[in-house]
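Okay, here's what each chain looks like letter by letter:
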Amino acid sequence: MARGSWNVGILKLFTVCITAMLIASMYIAFSPERLPCNCPEHREGHLPDGIPNPPAHLQHADIDDSKWGPHKMAIIVPFRDRFEELLQFVPHMHNYLNKKKVPHKIYVINQVDNLRFNRAALLNIGFLFSKNQCDYIAMHDVDLLPLNLDLDYGYPQDGPFHVAAPWLHPLYHYKKFVGGILLMTAEHFKLVNGLSNRYWGWGREDDELYVRMNRSHLKVHRPEGIKTGYQTFRHLHDRRKRKRDMNRYFNQAEVGRYRDKVTGLDTVQYDIESTNEVTIDGSPVTVVNVLLNCNKKETPWCVHYEQPSKSRHL
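This text gives an overview of the structure that appears in the document. Within every chain, residues take consecutive numbers counted from 1 along the sequence as written. In keeping with the model being predicted, local features are shown solely for residues with a pLDDT of at least 70 and side-chain atom pairs are shown and tallied solely at 80 or more, while totals for entire chains, interfaces and linings include all residues. The side-chain figures draw on all heavy atoms in the structure; neither hydrogens nor water molecules are used.

**Describing the pairing of strand β1 (residues 73–79)**
A simple rule labels every residue: compare its accessible area, found with a 1.4 Å probe on the protein chains alone, to the largest value its type can have, and call it buried under 20%, exposed over 50%, or partly exposed in between. We count a stretch as a helix when DSSP gives it H or I for four or more residues in a row; a strand needs E for two or more, and each element gets its number in order from the N terminus. Taken across its seven residues, β1 has seven buried, putting it largely inside the fold. Burial along β1 is two-sided: M73, I75, V77 and F79 facing one way and A74, I76 and P78 facing the other are all buried. DSSP calls a pair of strands paired once it identifies at least 2 bridges connecting them. Summarising the sheet, β1 and strand β2 (residues 104–111) pair through seven bridges and their orientation is parallel. Bridged to P78 within β2 is I109.

So this is what it looks like as structure tokens:
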């Protein structure tokens, strides 16, 4: 190859490299993460919907919350495929609880298998995973954000405390409802043997937990003096995007009506695939990826079928 042609090739290669570097620099400089945001949830001094942020020194992941009290709460979030909601939930809850000076740690128990979603089993796993670091838990839906700073997230010494009371929750208002956000001490959670592991798909595991607590003579306490009504929480779930799995297979509907005296905290079967410590907008969260195990002879409805049918038999 002639020297002149070789020099031209080198010059072209150099030009391409410089151009690529300039494009990359411009992308980094003007990417959405670097641009200032004037949206309400990012304005200085405010959380979404007007909740004041805590002082800057209370927002860091490495704060020392040991002086806030002798108890520490594990926020257990049963989870699958709802990352848009998680991106809002973790910073909101971390800042909200820091503002209230409630010692806490957030655990997202992420179901990564191909079985149907089992919220109750994930809550049992979250308790087992967190019990050596925290002495009470908040069973917390990822799509429910508290907006009223007067809500109590403190240690529920007198019995289970249902933060998302029927007269405050945006959707569910029946008397025995204990879903959404429920606080329990480690002692009380073990007393009722956690939740039943038989509820695959959406719904009814909370109603069965209510029966467990009642049979164990645990009185459910709820907030008093909260005047914000159904505006007390922000509900993030969009049913048009994420339809709930309400299918019932075999005799699942019939079995789900009765108290489960067999399964619970001491029988949940699972494997931990991985554990990750991450931060979202500076807020720390532990993500535990789990594979649930299913005994198909006991609960054949743990897997999806093409057509739900009452005619299926065990």
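That covers the picture; the talk isn't over yet.
**As for the state of the cysteines**
Note on disulfides: each one is a pair of cysteine sulfur atoms within 2.5 Å. Going through the model one piece at a time under the given rule, you end up with one disulfide. The side chain of C294 participates in a disulfide bridge whose partner is C302; the two sulfur atoms lie 2.0 Å from each other. Between C294 and C302 the disulfide shows an S-S torsion of about -90 degrees. By sign, it is left-handed. Classification of C302 by relative accessible area gives buried; the value is 0%.

**Focus: the side chain of D143**
Its place among the elements puts D143 in the loop between β3 (136–140) and β4 (144–146). Within polar-contact distance, the side chain of D143 engages the side chain of R82 at 2.9 Å. Polar contacts involving the side chain of D143 include one to the side chain of H235, which spans 3.4 Å. Any pair of N or O atoms that falls within 3.5 Å is considered a polar contact. Within protein, one atom must be able to donate a hydrogen and the other to accept it, and sequence-neighbouring residues count only if both atoms are side-chain atoms.

**Concerning the packing of aromatic side chains**
Paired rings are identified among Phe, Tyr and Trp, the last through its six-membered ring, by centres lying within 6.5 Å, and are further divided according to the angle between planes into stacked (under 30 degrees), edge-to-face (over 60) and tilted (the rest). Counted under the stated rule, the structure contains seven aromatic pairs. Judged by centre distance (5.1 Å) and plane angle (75 degrees), the ring pair of F79 and F83 falls under edge-to-face. Of the residues examined, F79 reaches a relative accessible area of 1% and is grouped as buried. Ring centres of Y96 and Y153 lie 5.8 Å apart, and the angle between their planes is 70 degrees; this geometry places the pair in the edge-to-face category. Taken as a pair, Y96 in helix α2 (residues 83–99) and Y153 in the loop between β4 and β5 (161–162) lie far apart in primary sequence, 57 residues in all. For the pair Y96 and Y153, a shared accessibility class is recorded, and that class is buried. An aromatic cluster of at least three residues, connected via ring pairs, comprises Y172, Y174 and F177. Here, over-ring charges are defined by two tests on the NZ atom of lysine or the CZ atom of arginine: distance to the ring centre within 6 Å, and angle to the ring normal within 35 degrees. Here K105 stacks its cationic end above the ring of Y107, 5.7 Å away from the centre of that ring.

**So, the pattern of salt bridges**
Two side chains carrying opposite charge are able to pair once their charged atoms lie near each other. Here, a salt bridge means any side-chain nitrogen of Lys or Arg that lies within 4 Å of a carboxyl oxygen of Asp or Glu. Tallied over the entire structure, the rule returns eight salt bridges. Measuring nitrogen to oxygen at the nearest pair gives 2.9 Å for the salt bridge that ties D143 to R82. With D143 in the loop between β3 and β4 and R82 in the loop between β1 and α2, this residue pair connects regions lying 61 residues apart in the sequence. Here the salt bridges do not stand alone but share partners, grouping R119, D141, E205 and D206 into one network.

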